[in-house]
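The chain contents come next:
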Amino acid sequence: MTASDDLRDFLDGEKFSTVMADPPWRFQNRTGKIAPEHKRLARYPTMDLQEIADLPVAEHLEDRAHCYLWVPNALLPEGLQILRAWGFDYKSNIIWQKVRKDGGPDGRGVGFYFRNVTEILLFGTRGKNVRTLQPGRSQVNWIEAGEPDGDLLKTRKREHSRKPDEQYDIIESCSWGPYLELFGRGRREGWTVWGNQADDDYKPSWSTYKHNSGAVATG
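This report concerns the structure included in the present document.

Reading guide: rules and limits
- Residues numbered from 1 in each chain as written.
- Predicted model: local features only at pLDDT ≥ 70, side-chain atom pairs only at ≥ 80, totals over all residues.
- Heavy atoms only, no water.
- Pairing = 2+ DSSP bridges.
- Helix = DSSP H or I, 4+ residues; strand = E, 2+ residues; numbered from the N terminus.
- Axes fitted to C-alpha atoms, helices over the stretch in contact; angles between N-to-C directions.
- Contact = heavy atoms within 4.5 Å.
- Salt bridge = Lys/Arg side-chain N within 4 Å of Asp/Glu carboxyl O.
- Buried < 20%, exposed > 50% of the residue type's maximum accessible area, 1.4 Å probe, protein only.
- Patch = residues over 30% accessible without salt bridge, like charges linked within 9 Å, V, L, I, M, F, W, Y side chains within 5 Å.
- Areas by Shrake-Rupley, 256 points an atom, 1.4 Å probe, with all protein chains shown as cover.
- 1 Å grid on protein atoms, 1.4 Å probe; cavity = no way out; pocket = protein on both sides within 12 Å on 5 of 7 lines; lining within 4 Å.
- Points joined across faces, edges and corners; volume = space filled by probe spheres on them.
- Nonpolar A, V, L, I, M, F, W, Y, C, P; charged D, E, K, R; others polar.
- Arc of directions from axis to C-beta.

Digging into the sheet that holds strand S6 (residues 179–182)
Pairing is mixed in the open sheet, where seven strands are placed in the order S5-S3-S4-S2-S1-S6-S7. Because the sheet does not close on itself, it has two edges, and the strands there are strand S5 (142–145) and strand S7 (191–194). For this sheet the average axis-to-axis angle between neighbouring strands, irrespective of direction, equals 20 degrees. Bridging between strand S1 (residues 16–21) and S6 involves four bridges; their strand directions are parallel. Directly across from Ala21, in S6, lies its bridge partner Leu182. In this fold helix H1 (residues 3–11) packs onto S1, S6 and S7, with an angle of close to 150 degrees to the strand it touches most, S7.

Brief notes about the pattern of salt bridges
Within this structure, the stated rule accounts for seven salt bridges. Arg8 is the partner of Glu59 in a salt bridge, and the nearest nitrogen-oxygen pair spans 2.9 Å. Of this pair, Glu59 sits in the loop between helix H2 (49–53) and strand S2 (61–71) while Arg8 sits in helix H1, and the two are 51 residues apart along the sequence. Using a relative accessible area of 31% as the deciding quantity, one classes Arg8 as partly exposed. Put simply, Asp22 and Lys163 hold a salt bridge, and the shortest N to O gap is 3.0 Å. Taken together, the positions of Asp22 in the loop between S1 and H2 and Lys163 in the loop between S5 and helix H4 (166–174) put the pair 141 residues apart, joining distant regions of the chain. Taking relative accessible area as the criterion, Asp22 reaches 16% and is therefore assigned buried. Each of Asp22, Lys98, Glu119 and Lys163 takes part in one network of salt bridges that share partners.

Points about a nonpolar patch on the surface
On the surface, Phe112, Tyr113 and Phe114 cluster together into a nonpolar patch covering about 520 Å² of accessible area. In this fold, Tyr113 is placed in the loop between strand S3 (89–98) and strand S4 (118–126).

Side note on the pairing of S4
The buried fraction of S4 is high, at seven of nine residues. For S2 and S4, the ladder comprises seven bridges, and the chain directions are antiparallel. Residue pairing for S4: Tyr68 is matched across the bridge by Phe123. Bridge analysis of S3 against S4 gives eight bridges, and the strand direction is antiparallel. Bridged to Ile94 within S4 is Leu121.

Observations regarding empty space enclosed by the protein
What the rule picks out here adds up to one cavity of 30 Å³ or more. Here the largest cavity defines a volume of roughly 110 Å³. Along the walls of the largest cavity sit twelve residues, with Asp22, Arg162, Tyr168, Glu181 and Arg185 positioned nearest its centre. Listed by contribution, the elements that provide at least two residues to the lining of the largest cavity are H4 and S6. Among the residues forming the lining of the largest cavity, the class breakdown is four nonpolar, three polar and five charged.

Quick word on helix H3 (residues 76–85)
All of the buried residues in H3 are Gly79, Ile82 and Leu83. The buried residues of H3 occupy an angular sector of 105 degrees when projected down its axis, which confines them to one face. In this structure, the buried residues of H3 make contact with H2, S2, S3 and S4. Phi turns positive, to about 95 degrees, at Gly87, one or two residues after H3.

Below, the structure written as structure tokens:
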């Protein structure tokens, strides 16, 4: 079964207003340390651009929807392609700066040209009247947090590429539900989570319903 078929079967016709995704991007240079497929590291299986683009995300969206898409710095053009393929128009981004306990940048980052201490969370919209909720009007497009992968940083050590938990508070305050997380790792109350590293995939019990720009999900 393809990833697209698996996602379609799992969602079973449900529709969502906010999607957050952290795809297993495939890098062109797979021999470098940045690549998840690096033979010494073998972190996790990856997907090529077309496989990610083919995911039936658009089939499971409400008319008004937001998307938050994590993309590595080197794959920014590909990230914009995926937003379009899933039915979203790019609007803005949020930058995650990885910091040490002392507040300095995490200099262990990798990159072919520069040592990366940031990752990009692209933000896209679908439909009309899709401005962020009121808290978004004062939310800065910046997350400063320790990388969960590092035992010297602010957060506890977790698996490679795990994104900061701060993302959920931002998304839930700025965008309305129902919420869908793609390529998720673990559960979160009020979210439908899909991914081969999710612990106990689940769906919330509420019925899908229409939202206006001032609505906040309560699931």
